[in-house]
Amino acid sequence: MPLKLPEPTAEEKAHSLRLQAQIQQEIAAAGGWIPFSRYMELCLYTPGLGYYSAGLHKFGAKGDFVTAPELGPLFARTLARVFRERLKRLGSGVIVELGGGSGRFAADALQALEKLDCLPESWLMLERSADLRQRQFETLRERVPHLLKRIEWLERLPDKPLPRGIIFGNEVLDALPVEILRLDETGVLQRGITSYQQGLQTCWQTAPESLAELFQQRVGEPIPGYTSEICPLLPEWIQALGGLLEEGYWLFSDYGYPRSAYYHPQRRNGTLQCHYRHRAHESVLFWPGLQDITAHVDFDAVSEACQSAALQVDFIRYQGEFLLDNGLTELAQTLLYPQDTTSDHIKMINEIKQLTLPGEMGERFLLLQASRLKS
């Protein structure tokens, strides 16, 4: 049975149609076709209209999806313990958070680092969206007003590298635009977007040779009709982040697979998904700008990109295992008090389950750490 998605409001539809008109203009200027990666970028990041650039409620129960920091304080406070150990190894340093969502992670982590007597020199929020920057500011002003002087927002990477610190990104890699490719009897096809009547439609054309060769290398045994994704921007993106710190740690947490699982023959339809009001679906043309569009992460590609950026890949681990090894359950016990209600305990238990169980975020999410340390 087809998934029935909630109907947007008239205002939301008008917003989406403005973005669609802009996409159609770009399609016309490009000769009638744009690659899916460009469409995805426009849907997510067009200033004032894209999903992450406009004033839409994205995170939490009232949004379209729930990230680990939105479940409660355990994720951020456990990572704060990890940050403390890394900052002590460096002697001091900054923390750079990529994205930042609602600001919940930064607030919880800063509170925990303050209690651990290990606040960073500064907390830098790299955020392209003006709307999200404002939401993050409001969250942090409410939760940690006395620490606002340590927080700075950046729209782009600094021109000069920072001496030392930690770069952290939770569910950032999955939002990088991807190309969708398909093996065909005649070769490799690339998915794109064209205008059709008053709307948009997807279509396929022969992929560029370099992209086709890369896809065939990753897929291995050719299977006609096999479809998956490649993120061409990833190496350049990691290279830029690798130049941000002279010394430090890079940590990425996201849903994804090692390459052998990512391009497994049974995963023949790829990993691309759209998220709209807590419903996952594959209709990429559904009201552009009103839904998230993501793809799982090929963590071998992330590892290769880190090594190309002169970073040492320290480990890739299941997120649940990593959190448990860094004291999540012990930390949970310290956050429960005698006066807490039964519902408080149930909420904490559910948070632990969602973060650590294999069928939840425990094994669906991987965490990669890379580093560059001076001897």
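Residues numbered from 1 in each chain as written. Predicted model: local features only at pLDDT ≥ 70, side-chain atom pairs only at ≥ 80, totals over all residues. Heavy atoms only, no water.

J.: Account for the sheet that holds strand β12 (residues 279-281), naming residues and giving values.
T.: Spatially, β12-β11-β13 is the arrangement adopted by the 3 strands of the open sheet, whose pairing is antiparallel. The sheet is open, and its two borders are formed by β12 and β13 (292-294), each paired with just one other strand. Pairwise comparison of adjacent strand axes, ignoring direction, gives a mean angle of 25° for this sheet. Judged from the 3 bridges that link them, strand β11 (residues 273-276) and β13 form a sheet pairing that is antiparallel. Residue pairing for β13: Q273 is matched across the bridge by T294. (Pairing = 2+ DSSP bridges. Helix = DSSP H or I, 4+ residues; strand = E, 2+ residues; numbered from the N terminus. Axes fitted to C-alpha atoms, helices over the stretch in contact; angles between N-to-C directions.)

J.: Quick one: what's the story with helix α1 (residues 10-29), residue by residue and with numbers?
T.: Look at α1: 29 Å from first C-alpha to last across 20 residues, which is about the 28 Å you get at 1.5 Å a residue. Among the residues of α1, those classed as buried are H15, S16, L19, Q20, I23, Q24 and I27. The inward-facing, buried residues of α1 contact β1 (34-35), α2 (36-45), β7 (187-196) and β8 (199-206). (Expected span 1.5 Å × (residues − 1). Buried < 20%, exposed > 50% of the residue type's maximum accessible area, 1.4 Å probe, protein only. Contact = heavy atoms within 4.5 Å.)

J.: With reference to specific residues and values, describe the side chain of T78.
T.: Structurally, the position occupied by T78 is in helix α4 (residues 74-90). Residue classification places T78 among the buried residues on the basis of a relative accessible area of 1%. There is a polar contact of 2.7 Å between the side chain of T78 and the backbone oxygen of L74. When near neighbours in sequence (up to four residues on either side) are disregarded, T78 contacts L323, N326, L328 and L331. (Polar contact = N/O pair within 3.5 Å; in protein donor to acceptor, adjacent residues only side chain to side chain.)

J.: Which residues make up the pattern of salt bridges, and what values do they have?
T.: One pass over the structure, following the stated rule, counts 15 salt bridges. We note a salt bridge from D108 to R104, for which the minimum N-O separation is 3.0 Å. Residue D108 and its partner R104 are located together in helix α5 (residues 104-115), separated by 4 residues, close to a single helical turn. What makes D108 buried here is its relative accessible area of 1%. Members of the salt-bridge network, linked through shared partners, are R218, R259, D298 and E304. (Salt bridge = Lys/Arg side-chain N within 4 Å of Asp/Glu carboxyl O.)

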